[in-house]
Amino acid sequence: MGVSFAAGKVSALLPMGVIVLAALLLVLLDVLWRGRANRRLAAMGAVAVIVAGIAQLVYFPRIPAQVFSGALKFDGFAAIVAFAVLAILLLTLILSPAHVARMGLRGGEYYALLFLSASGMMLLPAARGLVSIIICIELVSLPLYVLAGYNRRLAFSREAGFKYFLLGAFASAFMIYGAAFIWGTTGTLWLSGIAESLPSPENRALLLLGLGLLLVGFGFKTALAPFHAWVPDVYEGSPTPVTAFMAAGVKLAVFAVFLRVLMEGMMPLAEFWRLGLYVLAVITMCLGNLLALHQMSLKRLLAYSSITHAGYLVLGLVAANAEAISAVLFYLLAYGAAVIGSLALVAAWAVRGTDDVYISDLRGAAERQPMAALALTLFMLSLIGFPITAGFIGKVLLFYAAYKAGYIALLIIAIINTMVSVYYYLRVVQAMYILPQEERAKPAEPAKSGGDAGGALSPVAWPYLTVVLVSAVVVLVLGLVPRSLLVWLSIYSF
Amino acid sequence: MESIVTYSLVLSAVLFTMGVLAVLVRRNPLIMFMGIELMLNAANLAFIAFARHLDKLDGQVIALIFMAVAAAEVAIGLAIIVSIYRFRRDVDVDAVNSLRG
């Protein structure tokens, strides 16, 4: 390859460019408007997201476009992930102004940081070299460290930011050290180059060390079980819209690129990483489920459930066949819709001092707010993988991919775990529909009730309602007519 | 492998291990943070040692790029630690534990 450098089709970068420009513009506008124009900033941001979406549609990479000597290669897969990231960003923007105001947070850098992180998520699935992948992961993570700790008055949130930062940086160091060994043994960091220039089987010790370190790094970023300890704290402590953004967006982007690293760069080493991921998947699914069983806080429950879902997704990585690509992507989208919807309801019902909802708070919700309760039930059913919801189709696709690759034992463990998970998801539904409303003992919650009438859940304001509605529609449409999405996923898989 | 390359790699492994231990064992955020820096620099050292071994300049360029990444991380990390410190005088990780398990 030598020193030749070709910028390539830079037009493919336009959507990300719009998002980055919007981030810079929002910082400027925030200064001009003296930090008081929360809603206006969000509205400007929403316009930018729509412009970026149109740009993505116009410059849809039907033929894969290489940019910067192949450091980024935009194809249909990357474009689909980019669309999803834009949708997630838009939903987060709708959620944010009301929530930011209610939590008494200030500042427009909140929106700018969201945009910067989203630009990283859009670039990530297009990255084709370990250098660009690591830089994109940093671009996703660095703004999120700040956002996680954004609710500075809350000790929880400061702690979340700090823990997320420490473990995130720890993970990055593992990835970079792993990349060093991979480069040292193959002489390249391009994914396609690694697969071509593997050393002979007897000289692979250092390469396997590098692969192991890289897997540990990815394990931290995707919250696989021995490396999951930060997830519950960060999910609980972060402002709820940020939690939604992280749960849906980071998972989507990092799993997309993880799949790509393994399938494009490391396929000849499959026997090694398959074994490693197999073990991680089993531990992740079981541990995530066990720890979720007794959670009282809804955000924490969703955090542990996100660990479990990461375990299911690893099934797709272990399978690593043609079916797995579209299955993993479909599962991520289905999961994202359900988790954003549930977190929107958490945000809507959150008490000011805690930014969280406890399961005991949900008692009697079905009577007072039947629609919201119904929506939350729908999201919980989707997370379980109940038929007619998106989660069901996602699980079927994922399990089918694992079955075709011949991992029957893993499949059985996953199915058992799904059945166990029914218990804690239905506990939420039970609290809303069956448990009586009196004896409202709330030991874990401080006495001050900021603005909620008579101690009951506050009514769901329209921004939250919009997000809940959109998520519910996505969950139902993907559940009832999955072909609508699967067609695209199968055309544009890599 | 040239002996200088081997020595550098061993040194980088030692540095990396020290960094990991610092993060896992020490409780002061600044020391933990230094541990992470140690890990990142161990990685850069490994890149440079391999650049010598493979006789390719790429490794040094990559090390420079990751130095920039590490610098960005330092900026964010110190800001976060300072913002915690402003609310509580002590910065001890064991004291930052209202969220548990």
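Reading the values: rules and limits
Residues numbered from 1 in each chain as written. Chains lettered and ligands numbered in written order. Predicted model: local features only at pLDDT ≥ 70, side-chain atom pairs only at ≥ 80, totals over all residues. Heavy atoms only, no water. Helix = DSSP H or I, 4+ residues; strand = E, 2+ residues; numbered from the N terminus. Contact = heavy atoms within 4.5 Å. Areas by Shrake-Rupley, 256 points an atom, 1.4 Å probe, with all protein chains shown as cover. Salt bridge = Lys/Arg side-chain N within 4 Å of Asp/Glu carboxyl O. Buried < 20%, exposed > 50% of the residue type's maximum accessible area, 1.4 Å probe, protein only. Buried area = accessible area lost by both parts, 1.4 Å probe. Polar contact = N/O pair within 3.5 Å; in protein donor to acceptor, adjacent residues only side chain to side chain. Nonpolar A, V, L, I, M, F, W, Y, C, P; charged D, E, K, R; others polar. Expected span 1.5 Å × (residues − 1). Phe/Tyr/Trp six-rings, centres within 6.5 Å; stacked < 30°, edge-to-face > 60°. Lys NZ or Arg CZ within 6 Å of the ring centre and 35° of its normal. Axes fitted to C-alpha atoms, helices over the stretch in contact; angles between N-to-C directions. Parallel < 35°, antiparallel > 145°, perpendicular 65-115°, else oblique. Left-handed = near helix turned anticlockwise from the far one by under 90°.

Enquirer: Quick question: what am I supposed to make of the overall build of chain B here?
Expert: For chain B, the count of helices and strands is three helices and zero strands. Listing every helix and strand of chain B by position from the N terminus yields α-α-α. Pairs at least 24 apart in sequence give 57% of the contacts found in chain B among residues at least 6 apart. Surface exposure of chain B reaches about 5,400 Å², of which carbon and sulfur atoms provide 66%.

Enquirer: What is the right way to read the pattern of salt bridges from this model?
Expert: When their charged atoms lie close together, side chains carrying opposite charge are able to pair. Residue and element names in this part refer to chain A. Considering all chains together, one arrives at 11 salt bridges over all chains under this definition. A salt bridge links lysine 163 to glutamate 159; its shortest N-O distance comes to 3.6 Å. A residue pair is termed a helical-turn pair when its members lie 3 or 4 positions apart in one helix, as lysine 163 and glutamate 159 do in helix H6 (residues 155-186) at four residues. Between arginine 260 and glutamate 264 there is a salt bridge, and its shortest N-O distance comes to 3.7 Å. On the criterion of helical spacing, the pair formed by arginine 260 and glutamate 264 is a turn pair, its members being four residues apart in helix H10 (residues 240-265). With a relative accessible area of 0%, arginine 260 lands in the buried category. The exposure class assigned to glutamate 264 is partly exposed, which follows from its relative accessible area of 24%. Salt bridges sharing partners connect three or more residues here, namely Glu159, Lys163, Asp233, Glu236 and Arg300.

Enquirer: Can you help me understand the interface of chain A and chain B in this one?
Expert: In many analyses, interface size is given as the accessible surface area lost on bringing the parts together. Tallying the contact residues gives 38 residues for chain A and 45 residues for chain B. With both sides pooled, the region where chain A packs onto chain B buries about 3,600 Å², and carbon together with sulfur makes up 80% of that total. Looking only at chain A, the three residues that lose the most surface to chain B are Phe162(A), Tyr177(A) and Trp183(A), adding up to 20% of its buried area. Across the contact surface, chain A and chain B share zero salt bridges. At the boundary of chain A with chain B, the tally comes to three residue pairs in polar contact (both at pLDDT 80 or more). Listed by contribution, the elements that provide at least two residues to the side of chain A that touches chain B are helix H5 (130-148), H6, helix H8 (205-222), helix H9 (230-237) and helix H12 (298-319) of chain A. For the side of chain A that touches chain B, the class distribution of residues is 25 nonpolar, four polar and nine charged.

Enquirer: Would you explain helix H2 (residues 38-58) of chain A in this entry?
Expert: Since one α-helical turn is 3.6 residues long, residues separated by three or four positions face the same way. For H2(A), with 21 residues, the first-to-last C-alpha span of 31 Å sits near the 30 Å given by 1.5 Å per residue. By the burial criterion, the buried members of H2(A) are Asn38(A), Leu41(A), Ala42(A), Gly45(A), Ala46(A), Ala48(A), Val49(A), Ala52(A), Gly53(A), Ala55(A) and Gln56(A).

Enquirer: Which parts of the structure should I look at to understand the packing of aromatic side chains?
Expert: On inspection of all chains with the given rule, the structure shows 25 aromatic pairs over all chains. Ring centres 5.0 Å apart and planes at 75 degrees place the aromatic pair Tyr177(A) and Phe181(A) in the edge-to-face group. One end of the pair is Tyr177(A) and the other is Phe181(A), both in helix H6 and four residues apart, which spans about a single turn. Geometrically, the ring pair formed by Tyr312(A) and Phe399(A) is edge-to-face, given 6.4 Å between the ring centres and 75 degrees between the ring planes. Here Tyr312(A) is found in helix H12, whereas its partner Phe399(A) is found in helix H16 (residues 390-404), with 87 residues between them in sequence. Phe399(A) matches Tyr312(A) in its accessibility class, with the two residues each being buried. Following the ring pairs from residue to residue traces out a cluster consisting of Phe170(A), Phe174(A), Tyr177(A), Phe181(A), Phe220(A), Phe227(A), Phe16(B) and Phe50(B). Over the aromatic face of Trp33(A) sits the side chain of Arg40(A), whose NZ or CZ is 4.3 Å from the ring centroid.

Enquirer: What is the right way to read the side chain of Thr186(A) from this model?
Expert: Residue and element names in this part refer to chain A. By the secondary structure assignment, threonine 186 is in helix H6. We classify threonine 186 as buried; its relative accessible area is 10%. Apart from the residues lying within four places of it in its own chain, the contact partners of threonine 186 are Ile194, Ser197, Leu198, Pro199 and Leu207.

Enquirer: Looking at this structure, how should I read unusual backbone geometry?
Expert: Comment: phi is negative for the bulk of residues other than glycine, and the bulk of peptide bonds are trans. Notably, Ser69(A) is not glycine yet its phi reads approximately 55 degrees, a positive angle. Its location among the elements puts Ser69(A) in the loop between strand E1 (65-67) and strand E2 (72-74).

Enquirer: Where do I start with the environment of Ile413(A) in this structure?
Expert: Residue and element names in this part refer to chain A. Inspection of the secondary structure puts isoleucine 413 in helix H17 (residues 408-433). Assessed through its relative accessible area of 25%, isoleucine 413 is described here as partly exposed. With 340 residues separating them along the chain, isoleucine 413 and lysine 73 place their C-alpha atoms 37 Å apart. Ignoring any residue separated from it by four or fewer positions in sequence, one finds isoleucine 413 in contact with Val282, Met285 and Cys286.

Enquirer: What's the story with the packing of H12(A) against H16(A) in this structure? I'm lost.
Expert: Residue and element names in this part refer to chain A. Axis separation between H12 and H16 bottoms out at 8 Å; the angle between their running directions is 40 degrees. As summarised for this structure, H12 and H16 are arranged oblique, according to the angle between their axes. Judged by the twist between their axes, the crossing of H12 over H16 is left-handed. Within the contact between the two elements, H12 uses His309, Tyr312, Leu313, Leu315, Gly316 and Ala319 and H16 uses Lys395, Leu398, Phe399, Ala401 and Ala402. A per-class count over the contact of H12 with H16 returns eight nonpolar, two polar and one charged.

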